[in-house]
Amino acid sequence: MVLTNKTPEKQVNSLFDRVAPQYDLMNDWISLGTQKRWREKTMKKMAIKAGAQALDLCCGTGAWTTLLAQAADKEGHVTGIDFSAEMLKIAKKKIRAAQLEKQVTLVQGNVMKLNYPDNYFDVVTIGFGLRNVPDANQVLREMVRVAKPGAMIACLETSHPTNPIVTLGWKGYLQLVPLIARLKGNNYSDYNYLHKTAIGFATPQQLKAMFIAAGAQNVEYELFNLGAGALHIGYKVQ
């Protein structure tokens, strides 16, 4: 499956700079307040080992980056990369508050073309970002490329409920998110864009196929909230 976001990169970058102060709250709205629980379940399933060298793509405000650094402990290191300077400013504050500055490096960069050599990281992750990149397939290929043989590649993302009735309710709720944002003084068009990317993203089965096409193997996924969210995990075997 070819999955591309045709919105110009500069426009998407500006959008995320604008929504940065409300980004965590926005993810709470979209996930019905359960995004933190999704991450907790994800970290438990991943079982990151102390000393791991991890790369967190589209790290945003650093929510997952922080958890990865805590799991990797003082012997490990996490690099968080995002194209939004405003997102990284908030991430930096979180990292400082958690006293993890020595264990985390934050980089403003392009996840479509990672500036790291092949076979470099023990863990490569992307959370709530794959649906907003210009070419999701290219990002997955880059994730596999920079992962070491045996490394874990994980994606936590909004998804599609499997029950038709739940799907109707889910889509209806997502349509309300931009209206809620506007009532709270935020830009309607920004949140309408984010609602559309959530609705238009790959199904769990399609994303699994994309993982495999990118070179990941032993790919599995777990659904959250009856399919509103999904965790995909694959491995680089060679």
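Refer to the structure above for everything that follows.
Cut-offs and rules
Residues numbered from 1 in each chain as written. Predicted model: local features only at pLDDT ≥ 70, side-chain atom pairs only at ≥ 80, totals over all residues. Heavy atoms only, no water. Pairing = 2+ DSSP bridges. Helix = DSSP H or I, 4+ residues; strand = E, 2+ residues; numbered from the N terminus. Axes fitted to C-alpha atoms, helices over the stretch in contact; angles between N-to-C directions. Contact = heavy atoms within 4.5 Å. Salt bridge = Lys/Arg side-chain N within 4 Å of Asp/Glu carboxyl O. Buried < 20%, exposed > 50% of the residue type's maximum accessible area, 1.4 Å probe, protein only.

1. What to know about the sheet that holds strand E5 (residues 147–158)
Alright, step 1. As summarised here, the arrangement of the seven strands in space is E3-E2-E1-E4-E5-E7-E6, forming an open sheet in which the pairing is mixed. Looking at which strands have only one partner, the edges of the open sheet turn out to be strand E3 (104–108) and strand E6 (217–224). Looking at each pair of strands side by side, their axes are set apart by 15° on average, direction ignored.
Alright, step 2. Inspection of the sheet shows strand E4 (residues 121–127) paired to E5 by six bridges, in the parallel sense. Within E5, the residue paired with Ile-126 across the bridge is Cys-155.
Alright, step 3. Against the sheet, helix H6 (residues 136–146) makes contact with strand E1 (53–57), E4 and E5, and its axis sits at roughly 150° relative to E5, the strand it touches most.

2. A short note on the pattern of salt bridges
Alright, step 1. All chains considered together, the criterion is met by eight salt bridges.
Alright, step 2. The partner of Lys-89 in a salt bridge is Glu-86, with the nearest N and O atoms 3.2 Å apart. Remark: Glu-86 and Lys-89 occur in helix H5 (residues 85–97); sequence separation between them is three residues, near one turn of the helix.
Alright, step 3. Overall, the relative accessible area of 48% leaves Lys-89 in the partly exposed class.
Alright, step 4. Between Asp-122 and Lys-148 there is a salt bridge; the shortest N-O distance is 3.2 Å. Of this pair, Asp-122 sits in strand E4 while Lys-148 sits in strand E5, and the two are 26 residues apart along the sequence.
Alright, step 5. Residue Asp-122 is classed as partly exposed on the basis of its relative accessible area of 25%.

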